[in-house]
Amino acid sequence: MNFDFSEDQKFLGDQARKYLSEQCTTAEVRKVLNDDGMACHESLWNGIAEMGWLGTAIPEEYGGLGLGMLELCVLAEEIGRALAPVPFSSTVYMLAEALKLGGSEAQKQALLPEIAAGKVIGAYASSEGPGAPDLSALKTTFDGSKLNGTKIPVLDGDIATHALVTAAENGGVSLVLVDLNQAGVKRTVVKTLDPTRSHAELEFTDVAGERIGEAGRAGPLIDKLMDRAAVLIAFEQTGGADRAVEMATDYAKSRYAFGRPIGGYQAIKHKLADGWVKNQVARSNAYYGAWALSTDAGELPEAAAAARVAASEAFWFASKENIQTHGGMGFTWEVDCHLFYRRAKLLAVQVGSPKIWKEKLISALENKAAA
Amino acid sequence: MNFDFSEDQKFLGDQARKYLSEQCTTAEVRKVLNDDGMACHESLWNGIAEMGWLGTAIPEEYGGLGLGMLELCVLAEEIGRALAPVPFSSTVYMLAEALKLGGSEAQKQALLPEIAAGKVIGAYASSEGPGAPDLSALKTTFDGSKLNGTKIPVLDGDIATHALVTAAENGGVSLVLVDLNQAGVKRTVVKTLDPTRSHAELEFTDVAGERIGEAGRAGPLIDKLMDRAAVLIAFEQTGGADRAVEMATDYAKSRYAFGRPIGGYQAIKHKLADGWVKNQVARSNAYYGAWALSTDAGELPEAAAAARVAASEAFWFASKENIQTHGGMGFTWEVDCHLFYRRAKLLAVQVGSPKIWKEKLISALENKAAA
Amino acid sequence: MDFNDTPEEAAFRAEARAFLKANLPEKKQAGGRERGEEFLKRAKAWQKTKAQGGFAQITWPKAVGGRGGTPMQQVIWNQEESSFAAPTGPFQIGLGMCIPTVIAFGSDEHKKRYVPKALIGEEIWCQLFSEPAAGSDVAGLKTRAVRDGDDWVINGQKVWTTGAQFSDYGILLTRTDPSVPKHKGLTMFIVNMKDPGVEVRPIHQASGGREFNEVYFTDVRIPDSDRLGEVGAGWKVALVTLMNERLAVGGSPGPDYDEIMKFGTEMGLMSDQAFREKLADWYIQAQGYKLTKFRTQTALSRGDTPGPENSIGKILTANQLQDICNSGIELQDHYGLINDEELAPMKAIFQSSFMWAPGLRIAGGTDEILKNIIAERVLGLPQDVRVDKDIAFDQMKSG
Amino acid sequence: MDFNDTPEEAAFRAEARAFLKANLPEKKQAGGRERGEEFLKRAKAWQKTKAQGGFAQITWPKAVGGRGGTPMQQVIWNQEESSFAAPTGPFQIGLGMCIPTVIAFGSDEHKKRYVPKALIGEEIWCQLFSEPAAGSDVAGLKTRAVRDGDDWVINGQKVWTTGAQFSDYGILLTRTDPSVPKHKGLTMFIVNMKDPGVEVRPIHQASGGREFNEVYFTDVRIPDSDRLGEVGAGWKVALVTLMNERLAVGGSPGPDYDEIMKFGTEMGLMSDQAFREKLADWYIQAQGYKLTKFRTQTALSRGDTPGPENSIGKILTANQLQDICNSGIELQDHYGLINDEELAPMKAIFQSSFMWAPGLRIAGGTDEILKNIIAERVLGLPQDVRVDKDIAFDQMKSG
């Protein structure tokens, strides 16, 4: 039984935490929050690239560090903890992983080294309006060379160099890689609940693109990409949830009411204990996801779904009760609680809402029972 | 605005509470609990008949008191509060109300006076096995004169003189009135979670019966009967839930731990406050049901469903947290907590589980929105 | 049991409606929160009209400018007024909480000077109790009032003050004696908000808005004649104000079960059993809240006084609002993150209320404080242990 | 990250399995709780076999009859033993809690006299702490021990004592000095359960069963030589016992997500989205519990000691059990009330566990106490105010 990260992996996490606690304080996060012109934190992004994190799970032959998915999970937790305002997930969990899973040799050679070097920023463009995108009935189309349609919202869509776009083709779905620096691409920034991570609407008019995977048959590839991303985002959520409970706990120890720290009242004690329990449930499910991810186990679909649902629930609870524990102070702009509340919502819908993942979970369990 | 019972109605309730607090102590309830041979509390039943409660909402022309449904709601609350181990609901909410709603003049004349006098005990026999009975596909059949089939469980089935039986006829459902004291009726007592209210399996072999309402078209009649019963049972549940919260509150004031009454700790205080809030929500919804019931308002379907769901939830929470508040003592046979826990479950499934009523509620709201 | 007015109530309702119709435009739709100079002018004008018509404070005695009416008449007036585009906001705190306190504890001169002008809308009042380190524990406040001749000199900071930016006067709770236990060293004053030592700064809220204020007091001088109640009796005075607060707390702003049902229908979700069951839960809570108010109104109409059980409202509605908004957003999936009225379904009500809801769970008593109130005052359970009970304020730990 | 044994662990597992296979029948199905004389005989025989094979208490030092093994080996043994029909119940409390206390605080004579016989299953032990008025607050117990010459005379009552009816000895926590604060006046003894002044009565539980006991002590004499620890140091001794309890607390008895999924499938509910989403919630909790245990085992296998975070297990499982049983019943509608193994689906597991679940939320620490433990010992939040802290026990209010 070895259901934990290794000493090396933990060391990597400690180093990352140390780095981010210096370079990605909430004061730095707020720079992106408060400045509409700032779509991400560029110097932090450059720093992260220099540390080699972007290439963590990219093989050495493509310019990466050649470490594994467990190492990436460890970093994801720290990114989430720090609320890092950088396009890490779009670039690493989406673009790099899609290339690794389904890219041609030429595509990998062209882009993976650039990703590892921090020169390429990815975006995953699937949503076309309210509700989960129905991959069998997308309005965006691809005809083998040209892409047409509108995607909204696209996380990091305003700063990405390349997008992965889901599109209808031959009555099925294709995953299309698009260089965003070309005519026919129109980007419009979109205002969201979490301004520390930018979103855009992307309109494509006869834009050149190339497929990752087969024409009209990218469904399984996309499912796998989503499962893998779900695990990594669950680590971001777990990191954020842990920190929100820590923040609330620290505040509850120092804030006095009626002559005692508010953390001495059971209403607050038990609320925080509940948060801690939810975070443990999330963490344990995330670890199982990490195991499935790193071993490419057949259990990945249910492990990923469980990790995502548990982590979404934990971060939601932790972030809203962190505000509540802070009382009036927690509802001010200056106190950091709302940063977590905003990010929790982003991460809960980023690759599909928990409701959709509950359904994926039960489908996976049914498939397993039927097998 | 007059959203409350009248002074007269409240007086009736006070009198009933006084009577039951003397005649229906938990010691009396336990007689039925502990004695397998005792299906109900006969002397209490006779007392209730003498008080005239059974004829509360039966018109004077049929031997009743000719009061209204609001008066019956008030009594239902007290019956529920006292956990009265008598076939009140089966006889009054089911049999008498079915006769009032759909009985022929002859049927009313034959039975309503006997009900009011306490000489007839009713039972409603619909369930045929696990799951809500599907009225469009019942296994029990009626051919216009003979009834065949098995119903299980039937509340008060072992002591009832008459049963209302749902049966398939002409591809639809009929509601059949059966005199249970005849050959071809086999009764077997069934063990349930609430031994203070007896249940039986009823097997019918070529048993004589007569319809209430039309052949094969009793669906709307049954729906209405259920809606009306749901409101009355919601009052029983509200009464029980209130008493469970009171019991827990009293215990929390008198039980000491760590030098203080446990009711001084926020974990207990807030649990009891939550229970009180749920009970208010239940009561307010029940009042609305009572209004719809007494005025035969078009809002009855949604009002009844909301009352039932809110009251089931309130009694469930109050009864389980009453045990929890009592700690180890609450888990002993001698302390009364489990009586409420058992009754809460009975009342939650007696006319269909809350899940079914949630669906009825939303259907009713949809119908209203479409109208 | 019925939902109809008594004949007397119906007559009053007709009178009120006629007055409103004659004086106000009907409401077109639930608009956003209006602000600004123009709005304030309209609000003052409407308050004057109302007062002249005898509808300003219906339950107040005629002697102080009220109508001498019943609480039920006030409820009916509020119902009727709410279906017109009535600009009422700026006066709620002053007339609901501050002026009743002035009436209860002020001198005859205070009453003559302040009540009529407040009633006809010439002067607006605010309430200055909460402080950064004194939220749930209001009596832990630190703003000092030090006696200097015939005056008191005030220094300190208040927070979450509604309407401070346009108020003329405020009732101000201060600490006059830090050497006694906290409840015993407080004194209440009337303060002129236009005094140069009073500085009002808007609070930037987590939701992004700036509806509330901080108020800083620097060497503000208040004559002893503007004291309300005895020196050291400020807590007794404040309790009267706070009791009136409970009655003044309004409904829930934001989407409820009907909005999300409408949205779910648009999104084709009505075939989803999980959504249907959640909808049922929300409906029952919403009805529970609405119908409990009807029960309270019935009690009012029978002459009873509503008690602490009113705390139920905010616990139910604030948490439900947060839950509904969260669901409304998640049902939109990734698109739900978009917080732009032009783009998001239903003018982004789910998103904007999502950011408001956490504040609603705190303002006017946190969930935790309200549950304590129910447990202690309704169920009669023991109070929390008060370790600060007999300790001098300046000897108390405060983190 | 993997779920495999290390080579050493695999070797031990193989050895354990071989031993079990040679000595026990394999388990056919999860049976009910066995009882009775016959069962006790088999349990004693199996304990003897186990002890002779060196598997009785794997982590104990060899000097006291253990194996000197690792906690991970104990986990592996437990896993393997649980897949055989091993009659282990009667020894869990004695070997898990009582004897470790004897080893820690007993004299050499105690150890010689009691440890070997317990280990080879000749003598069974029980733990006598809880009292009717001392549940969560164990230290508030009232059972008196009064010194009389070389003996102590015991009078009082214990409650919820597992296995008292077939135990030979017990460790008994008593009050020897009521004039000092409650934690300071306690003393621990070894008591002979066959003493004529000891009366064991089964408790009739709310569930209908009679698995636990009350134990009454009437003028029971215990020689001072059977005292464990100093006079007045009983709480220190008890804490060692209770620390071991946390490690001994077992899994959740009753249906989990897989049983209700199986049942839902049979009932044709898998097309109901509301049921599916509940199922997902239950799965995640169940996995959360199971996988958290794996994390604890990993820590054990790395040589760490598990801390109070183990309290998480019972909070999760007891509440989930109650919820699942309630749903399992309601899905059967009115029929779900039937509590008869012959008639109810799945041998009435939902119904029988429904009646057990409330007890599980209380036994071994209530939900409320466990949350306090997490809040205080894991998160470092302040303890509750202890009004009884420095008050003599006999001056203390106790309701």
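Residues numbered from 1 in each chain as written. Chains lettered and ligands numbered in written order. Predicted model: local features only at pLDDT ≥ 70, side-chain atom pairs only at ≥ 80, totals over all residues. Heavy atoms only, no water.

Our focus in this paragraph is the overall build of chain C. Of the regular secondary structure elements, chain C holds 11 helices and eight strands. Its C-alpha atoms give chain C a radius of gyration of 23 Å, within 12% of the compact-globule value 21 Å for 399 residues. Each of the three principal axes of chain C carries a C-alpha extent, and together these read 75 × 50 × 45 Å. A total of 399 residues make up chain C; the buried ones form 53% of that total. For chain C, the exposed surface amounts to about 17000 Å²; the carbon and sulfur share of it is 50%. Charged side chains in chain C number 47 positive and 53 negative. The centres of these two groups are separated by 3 Å. (Helix = DSSP H or I, 4+ residues; strand = E, 2+ residues; numbered from the N terminus. Rg over C-alpha atoms; globule rule 2.2 N^0.38 Å. Buried < 20%, exposed > 50% of the residue type's maximum accessible area, 1.4 Å probe, protein only. Areas by Shrake-Rupley, 256 points an atom, 1.4 Å probe, with all protein chains shown as cover. Lys, Arg positive; Asp, Glu negative; His and termini not counted. Charge placed at Lys NZ, Arg CZ, Asp CG, Glu CD.)

Regarding its fold elements, chain A presents 11 helices and 10 strands. Each principal axis of the C-alpha distribution contributes one length, and for chain A these read about 70 × 50 × 40 Å. Among the 371 residues that make up chain A, the fraction classed as buried is 68%. Contacts spanning at least 24 positions in sequence make up 74% of the contacts within chain A whose residues lie at least 6 apart. (Contact = heavy atoms within 4.5 Å.)

Quick look at the nonpolar core now. If you look at the biggest cluster of nonpolar residues, it comprises 378 residues, and the most contacted ones within it are Phe88(A), Leu164(A), Leu175(A), Phe88(B), Leu164(B) and Leu175(B). When neighbours within four sequence positions are excluded, Leu175(A) is seen to be in contact with Ala98(A), Tyr124(A), Leu164(A), Val165(A), Thr166(A), Glu210(A), Arg211(A), Ile212(A), Ala218(A), Leu221(A), Ile222(A) and Leu225(A). (Core = buried A, V, L, I, M, F, W, Y, C linked by side-chain atoms within 4.5 Å.)

As a further point, take the packing of aromatic side chains. Residues and elements named next belong to chain C. Within the structure shown, the criterion is met by 61 aromatic pairs over all chains. With 6.1 Å between their ring centres and 55° between their planes, Phe12 and Phe55 make a pair best called tilted. Linking Phe12 in helix H1 (residues 7-23) with Phe55 in the loop between helix H2 (36-53) and helix H3 (71-82), this pair joins segments that are 43 residues apart in sequence. The pair formed by Phe12 and Phe55 is uniform in burial state, with each residue classed as buried. (Phe/Tyr/Trp six-rings, centres within 6.5 Å; stacked < 30°, edge-to-face > 60°.)

Moving on to unusual backbone geometry. A negative phi holds for most residues other than glycine; trans holds for most peptide bonds. The amide bond that connects Ile152(A) to the next residue, Pro153(A), takes the cis arrangement and shows omega of -5°. Positive phi is not limited to glycine here, since Asn170(A) has a value of about 50°. Within the secondary structure, Asn170(A) sits in the loop between strand E4 (162-169) and strand E5 (172-179). The residue Ala348(D) is not glycine, and still its phi comes out positive at about 60°. The topology assignment puts Ala348(D) in the loop between helix H9 (312-331) and helix H10 (349-360). Given the relative accessible area of 1%, Ala348(D) is considered buried.

Under the defined criterion, the tally for this structure stands at 102 salt bridges over all chains. For Glu203(A), the salt bridge identified is with Lys186(A), shortest N-O distance 3.6 Å. Taken together, the residues span a long stretch of sequence, with Glu203(A) in strand E7 (residues 199-208) and Lys186(A) in strand E6 (residues 185-190) at a distance of 17 residues. Between Glu123(D) and Arg113(D) there is a salt bridge whose closest N-O contact spans 2.9 Å. Placement of Glu123(D) in the loop between helix H5 (108-119) and strand E1 (125-128) and of Arg113(D) in helix H5 is noted, with a sequence separation of 10 residues between them. What you see here is one network of salt bridges that share partners, running through Lys271(A), Lys320(A), Glu321(A), Arg361(C), Asp367(C) and Glu368(C). (Salt bridge = Lys/Arg side-chain N within 4 Å of Asp/Glu carboxyl O.)

Residue and element names in this part refer to chain A. If you check the domain split of chain A, you get domain 1 (7-116), domain 2 (122-212) and domain 3 (219-370). Here the C-alpha centroids of domain 1 and domain 2 sit 22 Å apart. With 21 residues of domain 1 at the interface, the matching set in domain 2 holds 18 residues. Summing both sides of the interface, domain 1 and domain 2 together bury roughly 1500 Å²; the carbon and sulfur share of this comes to 68%. Considering only the side of domain 1, the residues that lose the most area to domain 2 are Ala39, Leu95 and Gln107, jointly responsible for 31% of the buried surface there. Seen at the junction of domain 1 and domain 2, the total is zero salt bridges. Taken together, domain 1 and domain 2 are joined by five residue pairs in polar contact (both at pLDDT 80 or more). Within the residue set of the side of domain 1 that touches domain 2, elements represented by two or more residues are helix H2 (26-34), helix H5 (88-102) and helix H6 (105-116). Sort the elements by how many residues they give to the side of domain 1 that touches domain 2 and H5 lands first, with nine residues. Class assignment of the residues belonging to the side of domain 1 that touches domain 2 gives a composition of 15 nonpolar, six polar and no charged. (Domains from an automatic or database assignment. Buried area = accessible area lost by both parts, 1.4 Å probe. Polar contact = N/O pair within 3.5 Å; in protein donor to acceptor, adjacent residues only side chain to side chain. Nonpolar A, V, L, I, M, F, W, Y, C, P; charged D, E, K, R; others polar.)

Facing 44 residues of chain B, the contacting portion of chain C comprises 45 residues. Carbon and sulfur atoms make up 64% of the surface buried where chain B meets chain C, a total of about 4200 Å² over both sides. Among the residues chain B hides against chain C, the three largest losses belong to Met1(B), Lys269(B) and Trp276(B). Together they make up 20% of the total. Taken together, the links from chain B to chain C amount to eight salt bridges. Counting every contact that joins chain B to chain C gives 22 residue pairs in polar contact (both at pLDDT 80 or more). Elements represented by at least two residues in the side of chain B that touches chain C include exactly helix H1 (7-23), helix H7 (219-254), strand E10 (260-261), helix H8 (266-295), helix H9 (300-330) and helix H11 (354-370) of chain B.

A few words on the interface of chain D and chain B. Contacts between the two partners involve 56 residues from chain D, matched on the other side by 50 residues from chain B. For the pair chain D and chain B, the two sides together bury roughly 4400 Å², of which 66% comes from carbon and sulfur. Sorting the residues of chain D by area buried against chain B places Asp333(D), His334(D) and Leu337(D) first, and these three jointly supply 17% of that buried surface. For the pair chain D and chain B, the number of links is four salt bridges. For Arg361(D), the salt bridge is made with Glu321(B), and the minimal N-O distance between the two is 3.0 Å. Taken together, the connections running from chain D to chain B amount to 21 residue pairs in polar contact (both at pLDDT 80 or more). For the side of chain D that touches chain B, the elements supplying multiple residues, two or more each, are helix H8 (273-301), H9, H10 and helix H11 (367-378) of chain D. Ranked by the residues each element gives to the side of chain D that touches chain B, the list is headed by H10(D), at six residues.

On to the domain arrangement of chain C. Residues and elements named next belong to chain C. When the domains of chain C are assigned, the result is domain 1 (7-89), domain 2 (125-247) and domain 3 (250-363). With both chains or domains summed, domain 1 and domain 3 bury close to 520 Å², and 61% of this area falls on carbon and sulfur atoms. Along the contact surface separating domain 1 from domain 3 lie zero salt bridges. In this assembly, domain 1 and domain 3 are joined by zero residue pairs in polar contact (both at pLDDT 80 or more). With four residues, H3 is the largest single contributor of residues to the side of domain 1 that touches domain 3. Among the residues making up the side of domain 1 that touches domain 3, the classes are represented as three nonpolar, two polar and two charged.

So, on to the environment of Gly94(D). Residues and elements named next belong to chain D. Relative to the helices and strands, Gly94 resides in helix H4 (residues 92-105). A sequence separation of 33 residues divides Gly94 from Gln127, and the C-alpha atoms of the two residues are 7.5 Å apart. Once residues within four sequence positions are removed from consideration, Gly94 is found in contact with Ile99, Pro100 and Trp125.

A few words on helix H2 (residues 26-34) of chain B. When H2(B) is considered as a whole, its buried residues turn out to be Thr26(B), Glu28(B), Val29(B), Arg30(B), Val32(B) and Leu33(B). Looking at the buried side of H2(B), the elements it contacts are H1, H7 and helix H10 (337-349) of chain B.

The next subject is the pairing of strand E1 (residues 122-125) of chain A. Where a strand is regular, its side chains alternate between the two sheet faces. Residue and element names in this part refer to chain A. Along E1, one buried face is formed by Gly122 and Tyr124 and the opposite face, lined by Ala123 and Ala125, is buried too. With four bridges joining them, E1 and E4 adopt parallel strand pairing. Across the sheet, residue Ala125 finds its bridge partner in E4, namely Val165. (Pairing = 2+ DSSP bridges.)

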